[in-house]
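Read off the chains here:
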Amino acid sequence: MANYKLEINDIAYEVDVDEGTSLLWVIREHLGLTGTKYGCGIAQCGACTIHIDKTPMRACVLQVQDFSEGQKIRTIEGLSENGDHPLQKAWIASQAPQCGYCQSGQIMQAAALLEENPNPSREEIKSKMNGILCRCGTYLRVIKAIEMVAKNEIPSNS
Amino acid sequence: MKKSSTYSRRDFLKSSGGIALFVGASGILPQLVSCSSPEEIEKVLEKHEVTAWVKLSENGDITIFNPASEMGQGSMTSLPMLFAEEMDADWSKVSVEFSPQESEIYGSPGWSPGTKMMFTVGSRTTNSYYTTMRTAGAQARYVLLHSAASHWDLPIAELSTKKSKVVHEKSNKEISYGELVSFLQMPASLPEFSEGQLKDPSDFQLVGKNIQRTDIPEKVTGQAKFSIDIRLPDMLFGVIERGNLHGSKPTLLNEPEISASKGVLKIIPLDYGIGVVANSLEEALAAKKKLAIAWSESKASDHQSQEIYGSYEKIAASKDPGRVLTEKGNVKQAHRLAAKTFTSDFKNDYVYHAQMEPLNAVIKVSGDLGSAEVWVGSQQGFDTKLGVPEILGIPPENVTIHLQYLGGGFGRRSMNDFVEECAILAKEMAPCPVKLFWTREDDMTYGAFRPLSLQRLTASTDAQGNLTGFSHVVVGDGGGLVASGVQNDHYDIPNQFAEWREASNGIRIKHWRSVGHGPNKFAIECMLDEIAKDQGKDPLQFRKRLMKNSPRALATLVKVEELSQWNKTTASDRAKGVAFVEHGSLGSGVCEISVDRDSGKITVHNFWIALDAGVIIHPDNVKAQMEGGIIMGISSALKEQITIVDGKVQQSNFHEYELLRMEDVPDDIETFLISSNSHPEGVGETATPMVACAIANAFLTLTGKKLRHLPFTPERVLEVLRS
Ligand code: FES
Ligand code: FES
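Residues numbered from 1 in each chain as written. Chains lettered and ligands numbered in written order. Predicted model: local features only at pLDDT ≥ 70, side-chain atom pairs only at ≥ 80, totals over all residues. Heavy atoms only, no water.

Chemist: Let's hear about the overall build of chain B: which residues, and what values?
Modeler: A count of helical and extended segments in chain B gives 20 helices and 31 strands. In terms of overall dimensions, chain B is globule-like: its C-alpha atoms have a radius of gyration of 28 Å, near the 27 Å expected for 723 residues. Its C-alpha atoms put chain B at 80 × 75 × 45 Å along the principal axes. In chain B, of all internal contacts separated by at least 6 residues, the share reaching a separation of at least 24 is 75%. When the accessible surface of chain B is summed, it comes to about 26,000 Å², and 49% of that surface belongs to carbon and sulfur atoms. Positive and negative side-chain charges of chain B, numbering 76 and 90 respectively, have mean locations separated by a distance of 3 Å. (Helix = DSSP H or I, 4+ residues; strand = E, 2+ residues; numbered from the N terminus. Rg over C-alpha atoms; globule rule 2.2 N^0.38 Å. Contact = heavy atoms within 4.5 Å. Areas by Shrake-Rupley, 256 points an atom, 1.4 Å probe, with all protein chains shown as cover. Lys, Arg positive; Asp, Glu negative; His and termini not counted. Charge placed at Lys NZ, Arg CZ, Asp CG, Glu CD.)

Encoded structure:
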C-alpha cells in the first residue's frame with residue numbers, strides 16, 4: 001500500500017492503494033465518483049473516459065501512481081456545477097441517452113473534442129467519438145447534440 | 001424532476017410528507033395514509049401489504065411509482081404518463097420512482113390474464129400496463145373528485161378535473177390537488193373503470209406528447225445509479241472465474257497461493273467456477289488472475305461452431321419430424337402441385353448481448369442469515385425475488401429488492417444467474433455486503449448467446465406466379481429462442497408450415513433482443529425477395545399483393561414506400577432493400593446500402609421505417625427505440641459473431657467481438673408513426689429483425705448475389721461476390 005494524492009474536479013483526494021491499481025477503480029470504488037463507468041478494462045469502449053490535463057483518456061488502463069503529481073483530473077461529476085454544461089443541456093434537448101451507461105464517456109469525450117475544435121465537421125465528430133461504444137445505439141442523437149452545441153442551437157427551455 | 005430511487009416497502013412512504021393513495025391494488029381496500037405520521041404508517045404496514053401507485057403532497061408534488069425496469073426503453077416516463085393522463089395530473093409536478101418489487105401488487109396481467117407479474121421482457125411493458133396504469137390513475141382521480149364533492153357539498157357529477165385541479169364550472173370554483181390533500185377522504189367503494197369509462201384516446205392531453213424523459217437529467221451528470229455503482233459500508237468484492245468451456249467443472253490447483261493472496265478473504269468453489277471474495281476490487285481481480293484451474297470436459301467439448309452447419313443441414317433434411325409451430329392448409333400438396341419451388345438455407349452464428357454494463361449485483365445478508373437486501377439491475381421475472389430466497393433458504397418476504405437502472409438488458413438481465421451467484425457469495429460473507437463483479441471477459445466468455453441456427457425455407461408458386469406454399473424448418477437449440485417469428489400472419493399464403501428441430505451443443509443460450517425473430521425474419525423476408533426477383537417483380541409491390549388482406553400491415557408498407565422514395569432511382573453504386581416485421585407492433589423498413597467490392601465492407605446509408613404500434617404513448621421515445629433497434633441490427637448483421645472451437649468461446653472482449661461504432665452509423669434513420677387508437681403494442685424489438693433481411697435484399701438488387709449467412713462480415717461478402 002502507498003498513499004497517493006489526486007486532484008480530481010479541483011478537490012484534493014488521498015487514497016491508500018497498491019501501486020499499479022487502475023485509476024478507474026480508485027475513482028469509482030475508493031473515492032465514490034461512480035459517474036465514470038467500467039465497460040471493458042482494455043481501452044476499447046470508452047465508458048471510463050475522463051480528462052487528464054484536458055486530454056480525454058481511458059481511466060481503465062491508467063495506473064494511479066502516474067497521476068498523483070498534480071495532474072488535473074476531471075470526471076463527469078466535475079464537468080459543470082449544476083449539470084448545465086452546454087453539452088449536458090444539448091444531451092437533454094436531443095434526448096440522447098437510453099440506458100445511459102455509456103453517456104458519461106460520450107459527454108466527456110465530446111467536451112474534450114469541442115475544447116480542441118469548437119466547430120467540428122460531422123466527419124470529425126465521428127472520428128473523434130469513434131472510441132466510445134453505445135450498445136443502445138444512441139449515436140445519431142449524440143452527433144445531433146454535439147452539433148447543437150457547435151452551432152449554438154441549444155433550446156433555452158432545456 | 002426528483003431523483004429516482006427504490007425503497008423498501010417499509011421505507012418508501014416515510015421519505016416525505018403527503019398522502020399516499022392506495023388505489024389500484026387488488027385485494028386491498030382503497031385507503032389513504034398520511035405519510036407525515038410514522039405511527040400510522042407502521043399500523044397500516046402491520047395490517048397490509050402496503051403499496052401505493054401515487055403519493056400526493058400538500059404543495060402539489062405528485063410521485064408516481066413505476067413497476068417496470070428502466071433499461072433505456074423509457075418505462076420510467078411512459079407508464080407514469082398513462083397514470084398521470086387519467087388522473088389529470090400536472091406533469092410538471094410529477095416525479096417518478098421505482099415501485100417496490102411486489103408482483104401481487106404491482107404486477108400486470110399482461111403475460112397471462114388472471115396472473116400478476118413484474119417482468120420487463122418481450123417488449124410487453126406498455127402493452128401489459130396500458131390498462132392497469134390508466135385504471136389506477138382514473139381511480140386516483142375519482143378519489144380527488146369525491147373528496148372535493150364532499151368538501152364543497154356538491155354533486156360529484158358537476159365536477160371536472162384539469163391539470164391537477166378539481167373544477168366546479170357552474171360556480172367558477174376550483175381547488176388544486178395539493179390543497180385537497182387535507183380534505184381527502186376515501187369513498188365507500190371505488191368504481192372499477194372498464195375500458196369504456198377511461199378517456200378516449202382522442203382526448204389524451206399528455207399521452208402522445210414529446211415530453212422529456214424523466215430519467216435523462218441524471219443520466220447526463222453521472223448521478224444515475226446502476227447497481228455497479230452501489231457502495232455500502234464494509235462492502236466486499238466477489239469475482240468468479242468460470243472458464244471458457246460452458247458446462248465444464250473446475251478443480252482449483254493452487255488454493256494455498258490464492259488464500260495467501262493479498263486481501264483475499266475466502267475462496268468459494270461453485271459447480272462451474274471458482275469464486276473469490278476480497279477486500280477490494282483490485283485484490284479480487286488480482287487473485288482471479290492467479291487462479292490455476294483444471295477444467296473437466298463438458299457436453300460442449302466437441303462443439304465447433306463454424307463446422308456444425310453440415311450436421312444442421314442433415315437434421316433439416318432428415319425424415320424425423322420436429323415440433324410443429326404453425327400449420328395452415330396443406331403445404332405438402334402445395335409443393336407437389338407447384339409450378340416452381342424455391343429452397344434456401346439461412347445460417348446464423350452465435351450473437352452476444354454486449355449490454356454496456358457488465359453483470360453485477362450487490363447483496364447484504366443479515367448476520368442471522370434470515371433476511372437479505374439486493375441491489376440489482378434486473379428485467380425482473382416470474383420470481384420477483386430473483387432466486388435469492390431459495391439460495392438463502394428464507395421466505396420471499398424477507399428479501400428486499402432495490403431495483404436500479406439497468407445499463408442495458410436486451411434479454412440478458414432476465415436471467416438470474418448473476419443474482420444467485422451474488423447471493424451464494426454474500427451468504428458466506430454475512431453480514432458484510434458483497435458486490436459481485438463480472439469483468440467484460442466474464443460477461444462475454446460466459447455469456448448466454450442467441451443460439452446458432454439454420455433455417456431451411458421452401459416456397460412454391462403456381463403457374464400464375466402466386467405464392468401457394470411456404471414451409472420453414474428451424475434447426476437449433478432452445479425452442480422458442482430459435483422458433484419465435486416464424487409466423488406469416490400478414491402475408492396471404494394459403495398453405496404454410498413451420499417446425500423446430502432440436503440441435504443442442506451445451507452452449508449457454510438466452511433471449512437476445514427480438515429472439516427468434518432476427519434469424520427467422522432474415523430467412524422469410526430474403527425468400528420473398530428471391531421469388532420476386534425470379535419473377536422479375538419489384539419486391540415491395542410483390543409484398544403489397546401478399547398483404548392485401550392485412551390493411552394495417554399494408555399501410556406500413558405503403559408509407560415506407562413513400563418515405564424512402566422507393567421508386568426513385570438511387571446512385572448506381574447504391575441499392576435499397578425492404579423488409580416487414582411484426583413483433584407486437586407492425587413495421588416496414590427500407591435501407592439503402594453500398595458495398596466496397598475490394599474490401600467486402602457493406603455500408604448502410606439510410607434507414608426508413610413506418611410503424612403501426614397502436615396508441616403511441618411517447619412518440620420521440622418510440623423513435624429512439626427504432627433508431628437503437630436499427631443500429632443494434634446493423635451491428636449484429638455486419639459484425640457480431642461468437643465462435644466456438646473445441647467447445648471454447650473464442651472471444652473475450654470488444655477487440656475480438658466488435659460492435660458498430662459511430663463512424664459506421666447511417667446518415668439518418670427516419671421513422672413515421674402511423675396514428676391509431678388501438679391498444680398499444682411493443683416497439684423495442686420490431687426494428688432489429690428488419691435489418692439483416694433489408695440489407696441482404698438490397699445486396700441482391702445491387703449485386704445479384706445472395707447473402708445467406710449472418711453476420712455479413714467483409715470476408716463472407718467477398719466470398720459471395722466471387723461465387
Ligand atoms: S472501461 Fe475503459 S475503455 Fe472500456
Ligand atoms: S445509452 Fe445504453 S449503452 Fe449508450
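Chemist: Give a description of the confidence of the model for chain B that names residues and reports values.
Modeler: Residues and elements named next belong to chain B. Taken as a whole, chain B shows an average pLDDT of 92; of its residues, 93% reach a score of 70 or greater. Contacts for the low-pLDDT stretch residues 45-51, under 50 throughout, to residues beyond four places or in other chains number 20 contacts. For this predicted complex, the interface confidence reaches an ipTM of 0.98, while the overall pTM sits at 0.95. (pLDDT = per-residue confidence, 0-100.)

Chemist: I'd like a description of the UniProt feature "domain: Aldehyde oxidase/xanthine dehydrogenase a/b hammerhead" (unreviewed entry) in chain B, backed by residues and values.
Modeler: In this numbering, the UniProt entry assigns the feature "domain: Aldehyde oxidase/xanthine dehydrogenase a/b hammerhead" (unreviewed entry) to residues 221-299 of chain B. Secondary structure content for residues 221-299 of chain B is 20% helix and 29% strand, and the end C-alpha separation is 47 Å. (UniProt positions renumbered as here; feature names shortened; annotations may be inferred.)

Chemist: Tell me about the interface of chain A and chain B, and please be specific about residues and values.
Modeler: Each partner contributes residues to the interface: chain A has 53 residues there, and chain B has 67 residues. When the two sides are added together, the surface that chain A and chain B hide from each other amounts to roughly 4,800 Å², 56% of it contributed by carbon and sulfur. In terms of surface lost to chain B, no three residues of chain A exceed Glu29(A), Gln98(A) and Arg135(A), which account for 18% of the buried area on that side. Among the ionic pairs, Lys435(B) bridges to Glu29(A), the shortest N-O distance being 2.7 Å. Joining chain A to chain B, the criterion identifies 29 residue pairs in polar contact (both at pLDDT 80 or more). For the side of chain A that touches chain B, the elements supplying multiple residues, two or more each, are helix H1 (23-30), helix H2 (86-93), helix H3 (103-116), helix H4 (122-129) and helix H5 (139-150) of chain A. Ranked by residue count, the leading element in the side of chain A that touches chain B is H5(A), at five residues. Partitioned by chemical class, the residues of the side of chain A that touches chain B number 25 nonpolar, 19 polar and nine charged. (Buried area = accessible area lost by both parts, 1.4 Å probe. Salt bridge = Lys/Arg side-chain N within 4 Å of Asp/Glu carboxyl O. Polar contact = N/O pair within 3.5 Å; in protein donor to acceptor, adjacent residues only side chain to side chain. Nonpolar A, V, L, I, M, F, W, Y, C, P; charged D, E, K, R; others polar.)

Chemist: Now, about the domain arrangement of chain B: what can you tell me, with residues and values included?
Modeler: For an interface, size is often stated in terms of accessible area lost upon the parts coming together. All names here are of chain B. If you check the domain split of chain B, you get domain 1 (2-221), domain 2 (227-298 + 359-437) and domain 3 (309-351 + 449-722). Each of domain 1 and domain 3 has a C-alpha centre, and these two points are 41 Å apart. At the junction of the two partners, domain 1 supplies 21 residues and domain 3 supplies 17 residues. Between domain 1 and domain 3, the buried area comes to about 1,500 Å², and carbon and sulfur atoms account for 55% of it. Considering only the surface of domain 1 that becomes buried against domain 3, Ser123, Asn127 and Tyr130 emerge as the three largest contributors, covering 34% of it. At the junction of domain 1 and domain 3, the tally comes to zero salt bridges. Joining domain 1 to domain 3, the criterion identifies eight residue pairs in polar contact (both at pLDDT 80 or more). Of all elements in the fold, only helix H2 (75-87) and helix H4 (125-152) reach the threshold of two or more residues within the side of domain 1 that touches domain 3. (Domains from an automatic or database assignment.)

Chemist: With reference to specific residues and values, describe helix H15 (residues 517-534) of chain B.
Modeler: Taking 1.5 Å as the rise per residue, H15(B) with 18 residues should run 26 Å; its terminal C-alpha atoms sit 25 Å apart, in good agreement. Backbone geometry just after H15(B) places Gly536(B) at a positive phi near 65°. (Expected span 1.5 Å × (residues − 1).)

Chemist: Outline the layout of surface pockets, listing residues and values.
Modeler: Reported here for the largest pocket is a volume of approximately 1,000 Å³. What lines the largest pocket is a set of 49 residues, among which Val121(B), Gly122(B), Ser123(B), Arg124(B) and Glu685(B) lie closest to the centre. The set of elements that each furnish at least two residues to the lining of the largest pocket consists of H2, H4, strand S25 (574-583) and helix H18 (619-638) of chain B. A breakdown of the residues in the lining of the largest pocket according to their chemical character gives 15 nonpolar, 27 polar and seven charged. Lining the second largest pocket are 27 residues, with Trp25(A), Leu285(B), Ala286(B), Lys289(B) and Thr439(B) positioned closest to its centre. (1 Å grid on protein atoms, 1.4 Å probe; cavity = no way out; pocket = protein on both sides within 12 Å on 5 of 7 lines; lining within 4 Å. Points joined across faces, edges and corners; volume = space filled by probe spheres on them.)

Chemist: Describe the domain arrangement of chain A, listing the residues and the values that go with them.
Modeler: Residues and elements named next belong to chain A. With domains assigned, chain A is organised as domain 1 (2-78) and domain 2 (86-150). The distance between the C-alpha centroids of domain 1 and domain 2 comes to 21 Å. With 15 residues of domain 1 in contact, the opposing surface of domain 2 contributes 13 residues. Of the roughly 1,200 Å² buried at the junction of domain 1 and domain 2 (both faces included), carbon and sulfur atoms supply 58%. The interface formed by domain 1 and domain 2 holds zero salt bridges in total. Here domain 1 is connected to domain 2 by five residue pairs in polar contact (both at pLDDT 80 or more).

Chemist: Go over H1(A) with me, naming the residues and quoting the values.
Modeler: Each turn of an α-helix holds 3.6 residues, which means side chains three or four residues apart point in the same direction. Residues and elements named next belong to chain A. With seven of eight residues buried, H1 lies mostly within the body of the structure. Residues Leu23, Leu24, Trp25, Val26, Ile27, Arg28 and Glu29 constitute the buried set of H1. Its side-chain oxygen 3.0 Å from the backbone nitrogen of Leu24, Ser22 forms the N-cap of H1. Just beyond H1, the residue with positive phi is Gly32, at close to 80°. (Buried < 20%, exposed > 50% of the residue type's maximum accessible area, 1.4 Å probe, protein only.)

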